[in-house]
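Structure at a glance
Now for the letters of each chain:
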Amino acid sequence: MAGVTRRFHSGDRIVTALEDVSADVRAGKVTGLVGPDGAGKTTLMRLIAGVLRADAGSIHVFGINVSADPLSVQGMISYMPQRFGLYEDLSVRENLDLYADLQALPMSDRAGRYDELLHMMGMAPFIDRLAGKLSGGMKQKLGLACTLIRPPQLLLLDEPTVGVDPVSRRELWGIVDHLVHEQGMSVFLSTAYLDEAARCDEVLLLHESRVIGSGPPAKFTREMEGRSFVVRAPEHTKRELQAALEELNGVTDAVVQGDAVRLVLDAGVKADVVEAARIPDVDIRPVPPRFEDGFIDLLKGKERAARTASSGTPAPRLTGRTTDAAPVVIDVAHLTKRFGDFTAVDDISFNVKRGEIFGLLGANGAGKSTTFRMLCGLLPATDGRLQVDGRDLRVAAAAARGKLGYMAQKFSLYGDLTVAQNLRFFAAAYNLIGARRTERIEWALGEFELAPWRNATSRDLPLGYKQRMALACALMHEPDVLFLDEPTSGVDPLARREFWRRINALAEGGVTVLVTTHFMDEAEYCDRLIIMAQGKILAEGTSEELKRAIRTDARPNPSMEDAFIALITADEAGKAAA
Amino acid sequence: MKGSMMRLRGLIRKEWLQILRDPSSIAIAFVLPAILLLLFGYGVSLDARHVALGLVTENPGAATASFTAQFQRSPYFAPRTFLTEKAARHALAQEKIAGFIWLRGDFTRALDAGKTPDIGLFLNGIDANNARIVEGYVQQSWANWIAARAAANGIPDTSPLTVQPRIWFNPAVSSRDYLVPGLIAVIMTLTGALLTALVVAREWERGTMEALMVTRVTMNEIMLSKLIPYFMLGLGGMAVTVLIAVFLFDVPLVGSIPMLLLASALFMLASLGMGLLISAVAKNQFVAGQIAIIAAFLPAFILSGFVFDISSMPAAIRVITHAVAARYFVAILQTLFLAGTVRSVLLPNLLALLAMAAFFLSAARLVARKRLD
Amino acid sequence: MLTRVFALIIKEFLAILRDKKSRMVLIGPPLLQLIVFGYAASFDLNHVPFAVYDQDRSIASRELVADFAGSPTFQKIATLHSAAQIRDMIDSRKVKMVLDIDPRYSRDLLSNKPAPVQIIVDGRNSNTALLVLGYANAIIFSASTGWNARHGGAAPLARLVPRALYNPNLDSHWFIIPGIVALLTQVITLLVVGLSVAREREAGTFDQVLVTPMRPLDILLGKSIPGLIIGLAEGSVIILAAVFWFGVPLIGGLLQLYAGLALFIVSVAGIGLMISSIAATQQQALLGAFLFMVPAIILSGFATPIANMPVLVQDLTLLNPMRYALVVIRRCFLDQPSFASLIPQYTAMALLAVISMTVAGWLFRKRAV
């Protein structure tokens, strides 16, 4: 790739998707294209596959210029688009048949190849099931099988792990490793998950249409050597500590991780800055760096050049406070939801206290969205008791809904309205009138730094700003309870940090927060969480407790994902035994 | 070459499976046509039967009775008697009756005196077409009455001219016989343009088109794989509607069936070409559906001569109708069904259809690119 | 409550007017339909092509031919010389009618015997055929009376004096164009209201609204009032076009007209909201609107009289708001109806509005999946 640029016209504006991108992808390796949503990953994939043309620059695949001879290139590569390119009303076998025909695989080779692929994917029993009826992980594997019908020389995978549970994700990586290392295939895949980058042989970091770094993932972590720490201070809540550390000079990054704070320092800064801050009983320990640290460092480095002062967050109040005595705000007992004979939520119970951040974790289809919607009063429960602030929202008077804030998946706001119009609408919907309304709108524009975007059509906002606006709308009426549905999916790590900073501040102020997520590492932000699978609660507790439960000598530092996978595996093993 | 055949076969098989499994395809290809056919077959009729006609006889007698009696007997009228002209006018305003006949008090006297009394016929002119048809019926009854009365009294017929009407091809003047064949054109536009535009747009929306494009498949193969199944589906739908027309609605089919097949095939190609062209321009179902309805369905309905007479339209609109493929097909259908295999009608219309099919298909091929931008 | 409803209305307008696609739906199709329907959809016949096969070739027969050729309805395009040509001309659709004058025509006329004239009509379009025959009959009848007057024949026993009330020239544009007011208002209202909930559901904003303190009634009002305003605005534009562009007289009271129009729009909005709350996607809502619209138009009396339909179908039309709207609008255009005389129509539409709105409001909560 050399100097690739691609622009799109959107109305009267020109959007640059890729700006002067140059890179090499080497054969026989797994190369990861890493970046947040909107960074230009899909555009680059499509350019390589020859279904888009570059405005400038050129791409050669195995020495062939893609724009000059796309058909030859397409004969050598396989490409799995984001939604896997499956025909949902065709069965697994029929999908395979179609791609076998398209790739001109001789009839005589088919039976053998199908067996091999289905065996590799572990989906032989489902060969006659409709693709639309498969789980996300299964679809992804079928999509992969279809692209592998005739082994390509280069395999392009566009965000293959979005919406897929951690177990399937791990299996997919196993398959990719097998393809590259056993069969000598080249794989180029894109992902928004930073933890996946570490599994690649090489990575290409894409941010805001530009390549900001490339090389083996170890290169990024090596640069961070000696800069990562875990900090604990028993006198303070983790969030207070995080807020305090973040304010220090020389700190690149500080995020809540379990009951501690993970700290990354600027290059050349020594750990004594923390001691200098005079936080009582502080315990600071070095830990090995991870890929995300390197990415944040790169982004921060860019931003540091652009602006210096960070803004907006309230100053940390270092007053110790425990939430144990706080009253229960959300109370769920024996909650069940059935759709026909399918049980989406199966007899679950939990409660959330005031000022707590509570997480609902699980893969797509685990029942967390259904639970969430029942809690908000959007869906009637089949059975069981559920109360928010002492009331069932489904039957409570409309005024009761005025106490909660709701931020939907995909930050759904009125895309055709401007930022100010959206804010004004939601202010009115929450019965704010007159001076109070003006005041809150001004607060939202100021607090969330949306003032410069006041008259921008919200559809055109960058994703991070959409997220801010959605949160602003949900907080318009200063709710006591905040519901967040997949609040950070797709946004870049910096926006994610900023988002959590705000949520932390709210929780400290006594707002109860219920959040669903399928990002395992996001669970670290929660005070307590439940993990759901197939409508049931698999485990409940703090993230530390969950991780501790699976800690072994072989795995002294398990991640949240490890804990999740261990739970699922144990659950399935238990079912198989029964 | 072998690879190409194999790809095409794979794509066509996929298309068939999708058609069979997708309820919305079936709905547009079979349910919608059936609803339209039944609606038109049973619901729409321009033939006035049992017209509610008011009769006001101010001074009843033998002469008025002989005049009004024929309305009582006629299948065309369902007469209602009113005592005063005012009451009848009121009923007319309320649209309870379509018109009324007013025989004044001096009718019998004038008739007996050999003077020519007036028979008042008042019609609700709001529905002009219906009013005209009712007027025609009443006129006919009046002429019959005069002839009968003259013959009975031994007076020579006073009307020097006699009209002998001959209505060819549709002697019963049943509107169903001309609406139903024309409707076939509308229905085939639905499967051809609307359904095709929607299914291609759906592939774009679901991202499967992207997956197809990165394989070795060529644009010709993709287009053929859409053309062939929907061509067959369209002809299937057309066969079903022809059967319903002939056996359920008793519409005669006088012309040759091979000719019908040829014309339908050409029209189907034109229609499919239009659908493919629309889908190449509009890549989501919402927009594709809108364009298909405005550019294909509506003209087929209104500008094809299926209900409204083309030669009576203003000149500018008449020019536009030449760009509507359904216009030629409707002409062929009405002729084949009711008049027979008339070469002088078929030939120019078939040629026009051929030209339109060629135009739309090549335009669709030109616009379609194997790229996403 | 007022604040919330008002905010919803403002939001709805902004959402519709700021989106290019929605704006197009509001302006493009209605304009196109107005033009196409206004000009093309007419049952009136003008310059109907006909041929003459005059076997008599006398002064009298030429007079008759001249009567036809001089009428604005007919246009003579050929003179035939053999009976075989008649078949050709009609078969090939070159003419719609052939005037066949018998060789004995003038002889019979002069000897006071009925002189035969044959009218051969292409029956492929039965409606046209009947109308052509009607026009031809009228011309021959007036020729007949003219002959009698000139040659001292007896006057006819009685004379039929037809008079069309409200539309003296039986101009079918006066029928179709006021109908378009109802037709297009229905299309617009259905699209604006019917797609709006489905669109919000697709975008996820409907959930967002449902969790605010809004009540179903607020949402119902907030969704139908924009439909009402837009429907009334579009309706007014079409009414203006009907009067000033197409020259249809508007003699009835505007108050009666707008009362009917408003009731009609509200009942259609209710149906739109019903469709919208059942549909999960815009696609389904569009299909639903289409499936409702086509029968609703065909079974409304828009083009063909309800009286001609089978009894069962006639009963079905009682559920169709457009049926009542057409009566109100057409009478207001061509007649001067009092409020009292329109009460049956008003009540029927109001009833349909209440029912559809109630069902829609119930479905909002029910189908919040």
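Think of each chain on its own: its residues are numbered from 1, step by step along the sequence as written. Chains carry letters from A onward and ligands carry numbers from 1 onward, assigned in written order. Note on the predicted model: pLDDT of at least 70 is required for a residue's local features to be given, and 80 or more for side-chain atom pairs to be given and counted; whole-chain, interface and lining totals, by contrast, use all residues. Note that water and hydrogens are dropped before the side-chain values are worked out from all heavy atoms of the structure.

Bringing the overall build of chain B into the picture now. Scanning chain B from terminus to terminus reveals 14 helices and five strands. For chain B, the C-alpha radius of gyration of 28 Å lies well beyond 21 Å, the compact-globule estimate for 373 residues. In terms of overall dimensions, chain B has a C-alpha envelope of 95 × 40 × 40 Å along the principal axes. Per-residue burial for chain B yields a buried fraction of 61% across its 373 residues. Put simply, 78% of the contacts in chain B that link residues at least 6 apart link residues at least 24 apart. Accessible surface computed for chain B: about 14000 Å², of which carbon and sulfur atoms make up 65%. Across chain B, the mean location of the 31 positive side-chain charges is 11 Å away from that of the 20 negative side-chain charges. Only DSSP runs of H or I reaching four residues or more are called helices, and only runs of E reaching two or more are called strands; each is numbered from the N terminus. The globule rule used here is 2.2 Å times the number of residues to the 0.38 power, and the radius of gyration it is set against is calculated over C-alpha atoms. Three exposure classes are used, based on accessible area relative to the maximum for each residue type with a 1.4 Å probe and protein chains only: buried under 20%, partly exposed in between, and exposed over 50%. Only heavy atoms matter for contacts: two residues are in contact if any of them lie within 4.5 Å across the pair. Throughout, the Shrake-Rupley method with a 1.4 Å probe supplies accessible areas, and for residues the shown protein chains are the sole cover considered. His residues and chain termini do not enter the charge count, which takes Lys and Arg as positive and Asp and Glu as negative. In plain terms, the charge of a residue is placed at NZ if it is Lys, CZ if Arg, CG if Asp and CD if Glu.

Pairing of aromatic rings covers Phe, Tyr and Trp, the last through its six-membered ring, and needs centres within 6.5 Å; plane angles under 30 degrees mean stacked, over 60 mean edge-to-face, and all others mean tilted. All chains considered together, the criterion is met by 30 aromatic pairs over all chains. With 5.1 Å between their ring centres and 70 degrees between their planes, Phe425 of chain A and Phe426 of chain A make a pair best called edge-to-face. For the pair Phe425 of chain A and Phe426 of chain A, a shared accessibility class is recorded, and that class is buried. For the ring pair Phe77 of chain B and Tyr137 of chain B, a centre distance of 6.2 Å and an interplane angle of 90 degrees mean the geometry is edge-to-face. Residue Phe77 of chain B is located in strand 2 (residues 77-82), and its partner Tyr137 of chain B is located in helix 6 (residues 128-153); the two are separated by 60 residues in the primary sequence. The buried category is assigned to Phe77 of chain B, whose relative accessible area is 4%.

Residues and elements named next belong to chain A. Domain limits in this description derive from either an automatic procedure or a database domain assignment. Taken as a whole, chain A is organised into domain 1 (2-215), domain 2 (221-306) and domain 3 (333-403 + 512-578). Of note, the centres of domain 1 and domain 2, computed from C-alpha atoms alone, are 36 Å apart. Listed by partner, the interface residues are eight residues for domain 1 and six residues for domain 2. In short, buried area is how much 1.4 Å probe accessible area vanishes from two parts on joining, totalled over both. Buried area between domain 1 and domain 2, both sides added, is near 730 Å², and the carbon and sulfur share of it is 90%. Taken as a group, Leu194, Leu205 and Ile212 account for 65% of the area that domain 1 buries against domain 2, more than any other trio of residues on that side. Counting of polar contacts relies on pairs of N or O atoms within 3.5 Å, with two restrictions inside protein: one atom must be capable of donating a hydrogen and the other of accepting it, and residues adjacent in sequence are counted only when both atoms are side-chain atoms. Summed over the shared surface of domain 1 and domain 2, the number is zero residue pairs in polar contact (both at pLDDT 80 or more).

Residues and elements named next belong to chain B. As paired strands, strand 1 (residues 51-57) and strand 2 are joined by six bridges and run parallel to one another. By the bridge assignment for strand 2, Leu55 is matched with Thr81. Clockwise travel from the first strand over the helix to the second, with the strands pointing away from the viewer, marks a crossover as right-handed. Of the crossover connections in this fold, the one passing from strand 1 over helix 3 (residues 62-73) to the parallel strand 2 is right-handed. In this scheme, strands are said to pair when DSSP sees at least two bridges between them.

Attention shifts here to the sheet that holds strand 23 (residues 528-533) of chain A. Residues and elements named next belong to chain A. Spatially, 20-21-22-18-23-24 is the arrangement adopted by the six strands of the open sheet, whose pairing is mixed. Strands at the two margins of the open sheet, each flanked by one partner only, are strand 20 (404-407) and strand 24 (536-541). In this sheet, adjacent strand axes meet at a mean angle of 15 degrees when their direction is disregarded. Direction of pairing for strand 23 relative to strand 24: antiparallel, over a ladder of five bridges. Bridge pairing in strand 24 links Met532 to Ile537. Axis angles are defined between N-to-C directions and span 0 to 180 degrees, where every axis is a line fitted to C-alpha atoms and, for a helix, only to the segment in contact.

Moving on, we come to the interface of chain C and chain B. The interface is formed by 98 residues belonging to chain C together with 95 residues belonging to chain B. When chain C packs against chain B, close to 8800 Å² is buried across both sides, 66% of that on carbon and sulfur atoms. The largest share of the area that chain C buries against chain B comes from Arg124, Leu157 and Leu160 of chain C, three residues that together contribute 9% of it. The term salt bridge refers to a pairing of a side-chain nitrogen on Lys or Arg with a carboxyl oxygen on Asp or Glu at a separation within 4 Å. Summed over the shared surface of chain C and chain B, the number is one salt bridge. Residues Asp309 of chain B and Lys96 of chain C are paired through a salt bridge, measuring 3.2 Å at the closest nitrogen-oxygen approach. Taken together, chain C and chain B are joined by eight residue pairs in polar contact (both at pLDDT 80 or more). Considering each element in turn, the side of chain C that touches chain B owes the most residues, 15 residues, to helix 6 (residues 126-151) of chain C. Taken together, the residues of the side of chain C that touches chain B sort by class into 61 nonpolar, 22 polar and 15 charged. Where strand 4 (residues 118-124) of chain B meets strand 5 (residues 159-165) of chain C, seven bridges bridge the pair, whose relative direction is parallel. Counted as the bridge partner of Asn124 of chain B is Leu165 of chain C from strand 5 of chain C. Just so you know the grouping, Ala, Val, Leu, Ile, Met, Phe, Trp, Tyr, Cys and Pro go in nonpolar, Asp, Glu, Lys and Arg go in charged, and all remaining residues, Gly too, go in polar.

What follows deals with the pattern of salt bridges. In this structure the tally under the stated criterion is 51 salt bridges over all chains. One salt bridge connects Asp101 of chain A with Arg110 of chain A, and the closest N-O pair in it is separated by 2.8 Å. As a salt-bridge pair, Arg331 of chain C and Asp335 of chain C come within 3.4 Å of each other at their nearest N and O atoms. Taking the relative accessible area as the measure of exposure, Arg331 of chain C reaches 5% and is therefore buried. Asp335 of chain C gets classed as buried once you look at its relative accessible area, which sits at 14%. Among the ionic contacts, a cluster of salt bridges with common partners joins Asp101 and Arg110 of chain A together with Arg9 and Arg13 of chain B.

Residue and element names in this part refer to chain A. Spatially, the four strands line up as an open sheet ordered 13-14-12-15, and their pairing is antiparallel. Only two strands of the sheet have a single partner each, and these edge strands are strand 13 (251-257) and strand 15 (283-286). Across the sheet, the axes of successive neighbouring strands diverge by a mean angle of 25 degrees, strand direction being ignored. Along the sheet, helix 9 (residues 238-247) makes contact with strand 12 (228-232), strand 13 and strand 14 (260-265), crossing strand 13 at roughly 175 degrees.

Residues and elements named next belong to chain B. Summarising the element assignment, Asn124 is placed in strand 4. Judged by its relative accessible area of 9%, Asn124 falls in the buried class. The spacing of Asn124 and Gly136 is twelve residues in sequence and 14 Å in space, taken between C-alpha atoms. Only 3.0 Å separates the side chain of Asn124 from the backbone nitrogen of Ile126, close enough to count as a polar contact.

Take the environment of Asn557 of chain A next. Summarising the element assignment, Asn557 of chain A is placed in the loop between helix 18 (543-549) and helix 19 (560-577). Along the chain, Asn557 of chain A and Lys547 of chain A lie ten residues apart, while their C-alpha atoms are 8.3 Å from each other.

Turning our attention to helix 11 (residues 285-302) of chain B. Since there are 3.6 residues in each turn of an α-helix, residues three or four apart along the chain are aligned in direction. For a helix, the expected span equals 1.5 Å multiplied by the residue count minus one. Between its terminal C-alpha atoms helix 11 of chain B stretches 24 Å, which fits the 26 Å expected from 18 residues at 1.5 Å a residue. The buried fraction of helix 11 of chain B is high, at 13 of 18 residues.

Our focus in this paragraph is the interface of chain A and chain B. Opposite the 34 residues of chain A that make contact, chain B presents 30 residues. Buried surface at the junction of chain A and chain B, summed over both partners, amounts to about 2800 Å²; 59% is from carbon and sulfur atoms. On the surface where chain A and chain B come into contact, there are four salt bridges. In this structure, the salt-bridge partner of Glu210 of chain B is Arg46 of chain A, at a minimum N-O distance of 2.8 Å. Connecting chain A to chain B are twelve residue pairs in polar contact (both at pLDDT 80 or more). Listed by contribution, the elements that provide at least two residues to the side of chain A that touches chain B are helix 1 (41-49), helix 2 (70-76), helix 3 (92-102) and helix 4 (107-121) of chain A. At seven residues, the largest contribution of residues to the side of chain A that touches chain B is made by helix 3 of chain A. Of the residues that constitute the side of chain A that touches chain B, the class distribution is 18 nonpolar, seven polar and nine charged.

A word on empty space enclosed by the protein. Using protein atoms alone on a 1 Å grid, points that fit a 1.4 Å probe yet trap it form a cavity, whereas open point sets bounded by protein on both sides within 12 Å along at least five of seven lines form a pocket; residues with an atom within 4 Å of a point count as lining. Grid points are joined across faces, edges and corners, and a volume is the space filled by probe spheres set on the points. On inspection of all chains with the given rule, the structure shows eight cavities of 30 Å³ or more. Quantified by volume, the largest cavity comes out at close to 670 Å³. In this structure, the largest cavity is lined by 28 residues; those nearest its centre are Phe297 and Leu298 of chain B together with Phe37, Val294 and Ile297 of chain C. Listed by contribution, the elements that provide at least two residues to the lining of the largest cavity are helix 11 of chain B together with helix 2 (20-40), helix 7 (173-203) and helix 11 (282-298) of chain C. Partitioning the lining of the largest cavity into residue classes produces 25 nonpolar, three polar and no charged.

All names here are of chain A. For strand 23, the buried fraction is high: six of the six residues fall into the buried class. A two-sided burial pattern is seen for strand 23, the buried positions comprising Arg528, Ile530 and Met532 on one face and Leu529, Ile531 and Ala533 on the other. Sheet topology places strand 18 (residues 357-361) next to strand 23; four bridges connect them, and they run parallel. Residue pairing across strands places Leu360 opposite Ile530, the latter belonging to strand 23.

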